[in-house]
Amino acid sequence: MPSDVAREPVAPRPHTGRRRNPAVREAVLKSAADLLAGPDGLTVSMDAIAQAAGVSKHTIYRWWPSKGAVLLEALVERAQQETSIPRTGTLAMDVESFLVATFDAVERVAPLFRGLMAEALRDSKAAEGMREFVAARRQGLRALLTHGVEQGELPPETDLELMMDQIYGLMWYHLLITHTPLTEELAVHLARTLITSAA
């Protein structure tokens, strides 16, 4: 039945969207990274991440689609430091500087990388994110080598993809298979060997 009584305006409901609370995000990613880098990193669960971060599992799933996505973002936050593209004046020194910086960054978070690589074998989202992460790192090195070709420091026919495969293949071999350190000496030796053989 119609009523002549005016209704009170309804107050707008508080926004309950998917915007992340920065403090909670930081706690989740830090907890995920710490757990993944630990001795039981291969068996990190959403429950363990939520408990360590002091949040509910529902909160985590509201912001990330899978455990792999959480772990990948944690890896990027902790492991991916921007490695600037050096311009020392010679390709040999540029590649040397790039590899020294890259190997140092990876070595400092080696357990985290190993744990996430194992996670990527089980989680398609984590695998997709890992491929994007690796592709971004290769893009920086590709720009460096392409500049070397343009400057005449490498022959035009140089197979840049093969050079990058050799560099990152050695890195992943040490990281995942032998668990031997990615040292500055190794980075320098690899850079000099590849540039000398390609020139």
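Everything below is about the structure printed above this text.
Because the structure is predicted, anything quoted here is derived from the model rather than measured.

S.K.: When you look at helix H6 (residues 110-120) in this model, what are you seeing that I'm missing?
M.R.: Each turn of an α-helix holds 3.6 residues, which means side chains three or four residues apart point in the same direction. Of all eleven residues that make up H6, eight are buried, and the element is covered over most of its length. For H6, the complete set of buried residues consists of Ala110, Leu112, Phe113, Gly115, Leu116, Ala118, Glu119 and Ala120.

S.K.: Looking at this structure, how should I read the pattern of salt bridges?
M.R.: Side chains that carry opposite charge are capable of pairing whenever their charged atoms lie near each other. For the coordinates displayed, the defined rule picks out seven salt bridges. A salt bridge links lysine 30 to aspartate 34, with the shortest nitrogen-to-oxygen separation between them at 2.8 Å. Taken as a pair, lysine 30 and aspartate 34 lie in helix H1 (residues 22-37) at a separation of four residues, close to a single helical turn. On the basis of relative accessibility, which here comes to 35%, the residue aspartate 34 falls in the partly exposed class. Residue arginine 192 is joined to glutamate 96 by a salt bridge in which the shortest nitrogen-to-oxygen separation is 3.0 Å. One end of the pair, arginine 192, is in helix H9 (residues 184-198); the other, glutamate 96, is in helix H5 (residues 91-108), with 96 residues separating them in the sequence. Residue classification places glutamate 96 among the buried residues on the basis of a relative accessible area of 11%. Through salt bridges with shared partners, a single network forms among Arg138, Arg142, Glu161 and Asp165.

S.K.: Looking at this model, I keep getting lost on unusual backbone geometry. Mind explaining?
M.R.: Negative phi is the rule for most residues except glycine; trans is the rule for most peptide bonds. Positioned with a positive phi, histidine 179 is a non-glycine residue whose angle comes to about 55°. Locating histidine 179 in the fold gives a position in the loop between helix H8 (160-178) and H9.

S.K.: Whenever I open this one, H5 confuses me. Can you help?
M.R.: Spanning 18 residues, H5 covers 26 Å between terminal C-alpha atoms, matching the ideal 26 Å at 1.5 Å per step. Of the residues making up H5, those classed as buried are Leu91, Asp94, Val95, Glu96, Phe98, Leu99, Thr102, Phe103, Ala105 and Val106.

S.K.: What is the right way to read the packing of aromatic side chains from this model?
M.R.: Pairs of aromatic rings are described using the distance from one ring centre to the other and the angle between the two planes. Applying the stated criterion across every chain, the model contains two aromatic pairs. Measuring from ring centre to ring centre gives 6.2 Å for tryptophan 63 and tryptophan 64, while their planes differ by 70°; the resulting arrangement is edge-to-face. Across the pair, exposure class does not vary: tryptophan 63 and tryptophan 64 are buried alike. Ring centres of phenylalanine 113 and tryptophan 172 lie 5.8 Å apart, and the angle between their planes is 75°; this geometry places the pair in the edge-to-face category. Separated by 59 residues along the polypeptide, phenylalanine 113 in helix H6 and tryptophan 172 in helix H8 bring together distant segments of the chain. Residue classification places phenylalanine 113 among the buried residues on the basis of a relative accessible area of 2%.

Criteria and cut-off values
Residues numbered from 1 in each chain as written. Predicted model: local features only at pLDDT ≥ 70, side-chain atom pairs only at ≥ 80, totals over all residues. Heavy atoms only, no water. Buried < 20%, exposed > 50% of the residue type's maximum accessible area, 1.4 Å probe, protein only. Helix = DSSP H or I, 4+ residues; strand = E, 2+ residues; numbered from the N terminus. Salt bridge = Lys/Arg side-chain N within 4 Å of Asp/Glu carboxyl O. Expected span 1.5 Å × (residues − 1). Phe/Tyr/Trp six-rings, centres within 6.5 Å; stacked < 30°, edge-to-face > 60°.

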